[in-house]
Every structure is written in structure tokens, then in C-alpha cells.
Amino acid sequence: MTARSPSVELCKGNNGLGKIVLRETRGSSVEVYLYGAHVTSWKNDHGEELLFVSNKAIFKPPKAIRGGIPICFPQFAGTGNLEQHGFARNRLWSIDESPPHLAVNSSHRTFVDLILKPTEEDFKIWPHSYEFRLRVVLTIGGDLILISRIRNTSTDGKPFTFTFAYHTYFTVSDISEVRVEGLETQDYLDNLKERERFTEQGDALTFESEVDKIYLNAPPKIAIIDHEKKRTYVLWKEGLPDAVVWNPWDKKAKAIADFGDDEYKHMLCVEAAAIENPITLKPGEEWKGLQEISAVPSSYYSGPLDPHKVLHG
Ligand code: TA6
């Protein structure tokens with residue numbers, strides 16, 4: 001295999017939208033659109049796509065791209081005059097040519113820094129001054145790291161409060177053959193039951209119907225096991241206490257215009273988030289939220305899930 005040198009390339013993506021492609025030596029790659037600072041592709045050394053993007057995704061502002069890793073800011077599943085997941089994913093970001101120093105280790109050599117600042121229009125709907133810097137890193141080993149730094153730059157002494165999520169869509173071979181480990185016994189708010197609070201029972205999460213749960217104060221490490229592919233996604237989060245797990249299943253999938261009717265079978269959202277305790281920044285203060293995802297062979301292969309167990313819980 002010819003050795004490649006790591007590279008960062010700005011090019012045109014779908015509909016001529018600006019896109020940055022990060023490539024690492026062993027063949028892994030990441031693509032991120034300037035529109036929404038939206039990661040839409042993360043491939044391993046063998047060129048296999050690890051993120052789900054709907055075949056019906058509309059790469060056209062103001063609609064957010066369906067899939068990949070939408071950035072939910074300044075709110076997650078909120079109400080009021082903002083879109084439910086905020087507006088960061090609907091804005092055109094810029095490449096940050098002079099980012100303040102961010103300590104990274106040697107394996108973080110291939111990255112791009114993006115920045116979003118409010119426009120006059122934004123001020124009308126969310127009257128706060130901020131700088132949102134996103135660093136997208138592809139490590140030598142092919143891991144994908146997102147580091148968000150949000151600073152309150154207001155000069156009028158006004159603090160602001162926000163909620164946040166990396167709304168990550170993982171691609172899976174068959175949702176009924178997927179387990180999630182690390183959230184068992186956690187408390188969660190169930191979005192399908194008016195956000196009532198429950199405690200997760202049993203061991204790993206398995207999936208046989210729509211799920212939309214906000215796990216509170218979840219452990220920093222969560223594993224998503226794709227039995228068929230013998231692949232495990234490992235999600236590591238810092239500064240993001242909560243985790244959302246979402247699959248629309250068949251009925252909701254049909255109701256989402258930019259989502260294929262059967263696509264729910266091949267995706268699962270596991271989202272590092274800060275929801276239960278919104279973050280407040282005084283002027284000059286900065287918040288940092290990091291997510292690292294890796295894809296590793298599932299050495300522990302327990303064989304196909306027991307259909308009776310999966311179907312009847
Ligand atoms: O993360 C789960 C969720 O909040 C679901 O309730 C569903 O609305 C999903 O996000 C997709 O939201 P979107 O605004 O991207 O269509």
C-alpha cells in the first residue's frame with residue numbers, strides 16, 4: 001500500500017458547498033462542510049464509511065444535512081423562537097486562520113479549525129455575542145475528535161446560557177443486531193413519554209422500536225456494538241455529561257421528508273450532550289466540549305442476539 005502523507009484539502013462538495021477533506025497516512029478520512037461545520041463522512045483505513053447520511057439528505061441551506069454529525073447549539077430539543085436544535089448547523093462557518101493555541105498531542109496532526117460568530121440576523125433571534133470554535137481532528141489511528149470551544153465575547157456584561165449536542169449518526173448494518181453498553185442503570189428522560197424520568201434496567205440496550213432518550217450524567221465512555229460487522233464504535237466525551245440515544249423506527253422515518261423509509265434499520269444516533277444542566281458563560285468565559293469516536297473490531301463476539309430476548313425484552 002502506498003504511504004500517503006496527511007493532508008487537509010478545501011474543495012467543492014454537494015451543490016458546490018465548500019467542504020474540507022482530512023486524510024491520514026493509513027487511508028482514513030473525514031469530510032466536513034463549511035455549511036453547519038457539519039461532518040458528513042468518517043472513513044476507516046479500508047475506506048468504509050462509519051457515519052450515516054440519508055440518501056435523501058438535502059445539501060442546501062437553510063435545511064440541515066440529515067446525518068453525519070449536526071452541531072446542536074445554542075439549544076438541543078428546545079422551544080421558543082429558535083429551531084429545536086438551534087441554528088449552528090444552519091449557518092455558514094469560516095476556516096479559523098488564527099485560532100488561539102489549543103494543546104493537542106502529536107497524533108492530532110491532521111485537523112481543521114472552523115469558527116462561527118453571530119450575524120446581525122442571529123442577534124435578532126439570540127441576542128448574545130460569542131465565538132464558537134470547532135476543531136475537527138483525524139488522528140493517525142483514524143479516530144475522529146471534535147473539540148468545541150464557545151466563548152462569551154459580550155462587552156455589555158451579559159451572561160448567556162445554552163444547551164449543546166454532537167448529534168452523531170452512526171451507520172450500523174442492522175439496528176436489531178446492535179447493542180449499546182455503558183448506559184445500563186442510568187437515569188434518562190424519555191422524549192416519547194413527555195420527558196418523564198426513568199431508570200434504565202437490565203444490561204446492554206437493544207433496539208426493537210422507536211427510541212428517543214436523554215441519559216443524564218452518563219459515563220464518559222459509551223460503546224455501540226454492531227454484531228454483524230463485528231465492529232464497536234467507542235464514544236468518549238468530556239464536558240458533555242449527557243447522552244441522547246435516538247432511532248426513529250419505521251413510522252417516524254416515514255414522517256421525516258429527508259429520511260428514507262427503511263433507513264432507520266441502518267443508523268443509530270448516540271449524541272454526547274449537555275442538556276439537563278444548561279451551561280452559563282459570563283463575559284470572557286469559555287466552555288469546552290470534546291467528543292472522540294473510534295471504530296474497533298469487536299473482539300468479544302457473543303454471536304447473534306437471541307431473537308426471543310431482543311423481541312420480548
Ligand atoms: O436527538 C433526538 C432528536 O431530538 C429527536 O427527537 C428528533 O427530533 C431528532 O433529534 C432529529 O431532529 P432534527 O431536527 O434533526 O430532525
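For clarity, every value in this text was computed on a predicted model and none was experimentally measured. (Residues numbered from 1 in each chain as written. Predicted model: local features only at pLDDT ≥ 70, side-chain atom pairs only at ≥ 80, totals over all residues. Heavy atoms only, no water.)

### Considering the UniProt feature "binding site: substrate" (unreviewed entry) in the chain
Under the UniProt annotation, the feature "binding site: substrate" (unreviewed entry) is placed at R66, Q84 and R89. These annotated residues cover 24 residues of sequence, but their C-alpha atoms sit close together, with the largest distance between any two at 14.4 Å. In the annotated set above, the residues contributing to the lining of the second largest pocket are R66, Q84 and R89. Relative to the helices and strands, R66 resides in the loop between β4 (38-43) and β5 (71-72). Those residues in contact with R66, other than ones at most four positions away along the chain, are V53, S54, A57, Y169, W246, I256, D258 and F259. At 2.9 Å, the side chain of R66 and the side chain of Y169 are in polar contact. (UniProt positions renumbered as here; feature names shortened; annotations may be inferred. 1 Å grid on protein atoms, 1.4 Å probe; cavity = no way out; pocket = protein on both sides within 12 Å on 5 of 7 lines; lining within 4 Å. Helix = DSSP H or I, 4+ residues; strand = E, 2+ residues; numbered from the N terminus. Contact = heavy atoms within 4.5 Å. Polar contact = N/O pair within 3.5 Å; in protein donor to acceptor, adjacent residues only side chain to side chain.)

### Structural notes on the sheet that holds strand β3 (residues 29-33)
A sheet is described by the order of its strands in space; here four strands give the open sequence β1-β2-β3-β4, paired in antiparallel fashion. This sheet does not close on itself; its edge strands, each paired only once, are β1 (7-12) and β4. Across the sheet, the mean angle from the axis of one strand to that of its neighbour is 20°, orientation sign disregarded. Direction of pairing for strand β2 (residues 18-23) relative to β3: antiparallel, over a ladder of five bridges. Looking across to β3, one finds that I20 is bridged to V32. (Pairing = 2+ DSSP bridges. Axes fitted to C-alpha atoms, helices over the stretch in contact; angles between N-to-C directions.)

### A closer look at the sheet that holds strand β12 (residues 178-181)
Sheet architecture is open: eight strands sit in the order β6-β7-β8-β9-β20-β17-β16-β12, paired in antiparallel fashion. The open sheet terminates on both sides in strands that have one partner only, identified here as β6 (94-95) and β12. Bridge analysis of β12 against strand β16 (residues 221-226) gives four bridges, and the strand direction is antiparallel. By the bridge assignment, R179 is partnered in β16 with I225.

### Here we look at the nonpolar core
In this structure, F73, F132, V136, F162, F164 and F207 are the most contacted members of the largest nonpolar core, which totals 70 residues. By residue number, the principal contributor to this core is strand β19 (residues 267-281), which donates eight residues. In this structure, V136 is in contact with L22, V30, V32, V39, T110, F111, V112, L144, I145 and L146, ignoring residues within four places of it in sequence. Counting nine residues, the second-largest nonpolar core is a separate cluster that includes C72, A165, L216 and A273. (Core = buried A, V, L, I, M, F, W, Y, C linked by side-chain atoms within 4.5 Å. Buried < 20%, exposed > 50% of the residue type's maximum accessible area, 1.4 Å probe, protein only.)

### Notes on the UniProt feature "active site" (unreviewed entry) in the chain
Annotation from UniProt places "active site" (unreviewed entry) at H167 and E271. Across 105 residues, the annotated set stays spatially compact, with a maximum C-alpha separation of 4.8 Å. Within the annotated group just given, the residues that line the second largest pocket are H167 and E271. Its place among the elements puts H167 in the loop between β10 (160-166) and β11 (169-171). For H167, a relative accessible area of 6% gives the class buried. Beyond its immediate chain neighbours, meaning those up to four positions away, H167 contacts G68, I69, P70, C72, F76, H85, W246, C269 and E271. Examined against the element boundaries, E271 turns out to sit in strand β19. Residue classification places E271 among the buried positions, given a relative accessible area of 1%. Contact partners of E271, with chain neighbours within four places excluded, come to F76, Y166, H167, T168, D242, A243, V244 and W246. Of note is the side chain of E271, whose polar atom sits 3.5 Å from the side chain of H167.

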